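So you can see what is in the structure, the chains are spelled out below.
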Amino acid sequence: MDKTPTPSRDTVLSDDKYIVPGLIRGLQVLQAFTPDNREMTLSDIARQLGTTRSAAFRTVYTLAHQGYLLHNPQTARYTLGPAVLRLGYGYLATRELVEVALPELEKLRDATDWSAHLGVRDGRFVLYMLRVPSHMGLASIVHVGSRLPAAGTTMGRVLLADLSEEELIRLFRDETYQNAPGQTPRSLSEVAAQWKRDRHARSIVQVGSFETGIVSIAAPVRDIEGNVVAAINATQAASADRVDSIDETVRQEVERTADAITRLLGGLPKPSSRISNG
């Protein structure tokens, strides 16, 4: 006869209306697998959860269906599945990107005395993950964790340029374009036109297009498969409104830094002779 189940952690969490009990149970199941406890039956898992077999079954079934658990019908035991590895890879890849990029951005800042940033795409936004301020202490509206419209920023444009036309249209089809700052595109057709200009650009330059009085130069960071996984940029106060007044040396330093991070990640830069301005 099965032992009487111990009180479930769901009881402790029930007073918090924002907690999702099913998600908590799923995470508890995954955390129950350890190097010393690699395989478990449904009964084993139920005991770990402090619940009955029937109550644990739906959680286990869902995890197995999504690839987070593997079921061996001959032994009736479960083991962790390959989907767990994908979660870990995503965390490690993001951590590796930040760790690899930071010293390179510091070199970029020291070589140009411009502020340097690294960002990744988060839907229609660019998420700032690193910021290395210039020694001049230039004030900026961005900080680590900022999310700015991708279509209006140099790093965002670099990230969008790697999408297919179908992906771009699907991403922006429902955009309202309300309160778009500066010269940010205000329609799907404007986004698509900008995307076509950016497609093969080695780097992207904007002067005051998003943030008044700020010049920004961005370039892509690629992974081992050639996909754009991040973007970097350098920013400084702009004393002119003409793109052709930008120091060519700074643009080359931004491109060199992006290529260096790409190589450190095992990727290979894709050369192009064109620059997208605007």
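Values in this document were obtained by computation on a predicted structure and should not be read as measured data.

Quick notes on the rules
- Residues numbered from 1 in each chain as written.
- Predicted model: local features only at pLDDT ≥ 70, side-chain atom pairs only at ≥ 80, totals over all residues.
- Heavy atoms only, no water.
- Core = buried A, V, L, I, M, F, W, Y, C linked by side-chain atoms within 4.5 Å.
- Buried < 20%, exposed > 50% of the residue type's maximum accessible area, 1.4 Å probe, protein only.
- Helix = DSSP H or I, 4+ residues; strand = E, 2+ residues; numbered from the N terminus.
- Polar contact = N/O pair within 3.5 Å; in protein donor to acceptor, adjacent residues only side chain to side chain.

*Asks:* What's the story with the nonpolar core in this structure? I'm lost.
*Replies:* Leu105, Leu118 and Ile232 are the most contacted members of the largest nonpolar core, which has 25 residues in total. By size, the runner-up hydrophobic cluster in this structure holds 14 residues, among which are Val29, Ala46, Val60 and Leu63.

*Asks:* Please explain unusual backbone geometry as it appears in this structure.
*Replies:* Working note: non-glycine residues mostly have negative phi, and peptide bonds are mostly trans. Of note, alanine 76 is a non-glycine position whose phi angle comes to about 60°, a positive value. Along the chain, alanine 76 falls in the loop between strand 2 (69-72) and strand 3 (77-80). Residue classification places alanine 76 among the partly exposed positions, given a relative accessible area of 39%. One non-glycine residue, aspartate 113, lies in the positive phi region at around 60°. Within the element layout of this structure, aspartate 113 appears in the loop between helix 5 (82-112) and strand 4 (115-122). Under the relative-accessibility criterion, aspartate 113 is labelled partly exposed at 23%.

*Asks:* Please clarify how the side chain of histidine 117 should be interpreted in this entry.
*Replies:* Within the fold, histidine 117 resides in strand 4. Looking at histidine 117, its side chain comes within polar contact range of the side chain of asparagine 233, at 2.9 Å.

This is a description of form; function is not addressed.
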